Amino acid sequence: MKLNLIVLAVIVGAACGSPVKSFREDLDEILALLPVEKMRQIAQDYYHSDPEIQEIVAYLKGDEAKKIFAEITEMKEVKEFISFLGSQGLDTDRFTSLDKLLRLPSYSPDPEKASIPRSGGLKGLLADIKACLPQAEIRNALVRKLTNSPSFAAIYKKIQDFDFIKLEEYANQSKEIANLVERIKSYGIDVEKVVKQLAALFGWHKSSDDDFDIDE
């Protein structure tokens, strides 16, 4: 559940302007299920009080992360996908930088600004976000939209058709990606498992061993 909600949050967070009406309605319905303010407060609390999250934010604002993001967004396949999202009414200007896409804080951390002190690093942040989500309702809404909404299903189909092999090839050749993977592993995240689950979620893998468990 953790990763597919991150992907969902990126798509929902990019939605604004004058989108295709049915797709806007789909996003609004899903967004209404997310405790957005609570999620934002949890993230802010971690940023203000957890050194590991502060380190991650600093990394995402740094040159290495910017280089990875720039190279990925310059890929032909990624450009086409972002263009497709724009045709569905998403604000693709958010894809021009990591800061915009992830809404990274522009202010310095201050422990006094945390509503409550939080610790546990990246794993703790993901666990706390997951704990506040109505997982069954979100799952049911996603299944319903994929079944009944042509515009929502079209985006999922576009993601399924994405040339995942190109990203794999880039990742295998990039020193920056290798550094990023080691960094994420140091935070206690099983990177290989996450990649397999993301691929299974979007149909990039067909192995039953990699099926995405939404309650995991």
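Residues numbered from 1 in each chain as written. Predicted model: local features only at pLDDT ≥ 70, side-chain atom pairs only at ≥ 80, totals over all residues. Heavy atoms only, no water.

Asker: I keep staring at the overall build of the chain and nothing clicks. Help me out?
Answerer: Each helix and strand counted, the chain has 13 helices and zero strands in total. Each helix and strand of the chain, ordered N terminal to C terminal, gives the series α-α-α-α-α-α-α-α-α-α-α-α-α. Of the contacts made within the chain by residues no fewer than 6 positions apart, 77% connect residues no fewer than 24 positions apart. If you sum the accessible surface of the chain, you get close to 12,000 Å²; carbon and sulfur atoms cover 55% of it. (Helix = DSSP H or I, 4+ residues; strand = E, 2+ residues; numbered from the N terminus. Contact = heavy atoms within 4.5 Å. Areas by Shrake-Rupley, 256 points an atom, 1.4 Å probe, with all protein chains shown as cover.)

Asker: Teacher, can you tell me more about the pattern of salt bridges here?
Answerer: Think of it this way: side chains of opposite charge can pair up when their charged atoms draw near. Using the criterion set out here, one finds 14 salt bridges in the structure. Put simply, E37 and R40 hold a salt bridge, and the shortest N to O gap is 2.5 Å. You can see E37 and its partner R40 sitting in helix 3 (residues 36-49), three residues apart, about one turn around the helix. The salt bridge partner of E192 is K185, with a shortest N-O separation of 3.1 Å. Sharing partners across several salt bridges, the network here consists of D26, E29, R144 and K145. (Salt bridge = Lys/Arg side-chain N within 4 Å of Asp/Glu carboxyl O.)

Asker: It is not clear to me how the packing of helix 5 (residues 63-73) against helix 12 (residues 175-186) should be interpreted in this structure. Could you clarify?
Answerer: When two helices pack together, their arrangement is given by the angle between their axes and by how far apart the axes lie. Contact geometry for helix 5 and helix 12: axes closest at 10 Å, N-to-C directions at 120°. Taken together, the axes of helix 5 and helix 12 lie oblique to each other. Viewed along their axes, helix 5 and helix 12 form a crossing whose handedness is left-handed. Touching E64, K67 and I68 of helix 5 are E176, I177, N179 and L180, all from helix 12. Taken together, the residues of the contact of helix 5 with helix 12 sort by class into three nonpolar, one polar and three charged. (Axes fitted to C-alpha atoms, helices over the stretch in contact; angles between N-to-C directions. Parallel < 35°, antiparallel > 145°, perpendicular 65-115°, else oblique. Left-handed = near helix turned anticlockwise from the far one by under 90°. Nonpolar A, V, L, I, M, F, W, Y, C, P; charged D, E, K, R; others polar.)

Asker: Help me understand the packing of aromatic side chains in this model?
Answerer: Aromatic ring pairs: the centre-centre distance and the angle between the two ring planes describe each pair. This structure, assessed with the given rule, holds one aromatic pair. Ring plane angle 70° and centroid distance 5.8 Å describe the contact between Y47 and Y107, whose orientation is recorded as edge-to-face. In this pair, Y47 is assigned in helix 3 and Y107 in the loop between helix 7 (98-102) and helix 8 (121-131), connecting sequence segments 60 residues apart. The exposure class of Y47 is buried, given its relative accessible area of 8%. (Phe/Tyr/Trp six-rings, centres within 6.5 Å; stacked < 30°, edge-to-face > 60°. Buried < 20%, exposed > 50% of the residue type's maximum accessible area, 1.4 Å probe, protein only.)

Asker: What is the right way to read the packing of helix 6 (residues 76-87) against helix 10 (residues 150-160) from this model?
Answerer: In contact at an axis separation of 11 Å, helix 6 and helix 10 are set at 180° when each is read in the N-to-C sense. Classified by the angle their axes make, helix 6 and helix 10 are roughly antiparallel. Counted together, F81, F84 and L85 of helix 6 and A154, I155, K158 and I159 of helix 10 form the full contact between these two elements. By residue class, the composition of the contact of helix 6 with helix 10 is six nonpolar, no polar and one charged.

Asker: How should I be thinking about the nonpolar core in this particular structure?
Answerer: What tends to happen in soluble globular proteins is that the nonpolar side chains get buried as a cluster. Judged by nonpolar contacts, the single largest core of 44 residues is most densely connected at I53 and L60. Setting aside residues up to four positions removed in sequence, I53 forms contacts with Y46, Y47, G121, L122 and L125. (Core = buried A, V, L, I, M, F, W, Y, C linked by side-chain atoms within 4.5 Å.)

Asker: I would appreciate a short explanation of the environment of T92 in the present structure.
Answerer: In this fold, T92 is placed in the loop between helix 6 and helix 7. The partly exposed category is assigned to T92, whose relative accessible area is 27%. Put simply, T92 and I82 are ten residues apart on the chain and 6.6 Å apart in space, counted from C-alpha to C-alpha. Not counting residues within four places of it along the chain, the set of residues in contact with T92 comprises I82, L85 and G86.

Asker: I tried to follow the confidence of the model for the chain on my own but got confused; where do I start?
Answerer: When pLDDT drops low, the exact placement of atoms in the prediction is not to be read closely. When pLDDT is averaged across the chain, the result is 81; 82% of the residues are at 70 or more. Within the chain, the lowest mean pLDDT, 47, falls on helix 1 (residues 2-13), and the highest, 95, falls on helix 4 (residues 51-60). Below pLDDT 50 for its whole length, residues 1-7 participates in 18 contacts with residues either more than four positions away or in separate chains. When the criterion is pLDDT under 50, residues 206-216 qualifies, and its contacts beyond four places in sequence or with other chains add up to 23 contacts. (pLDDT = per-residue confidence, 0-100.)

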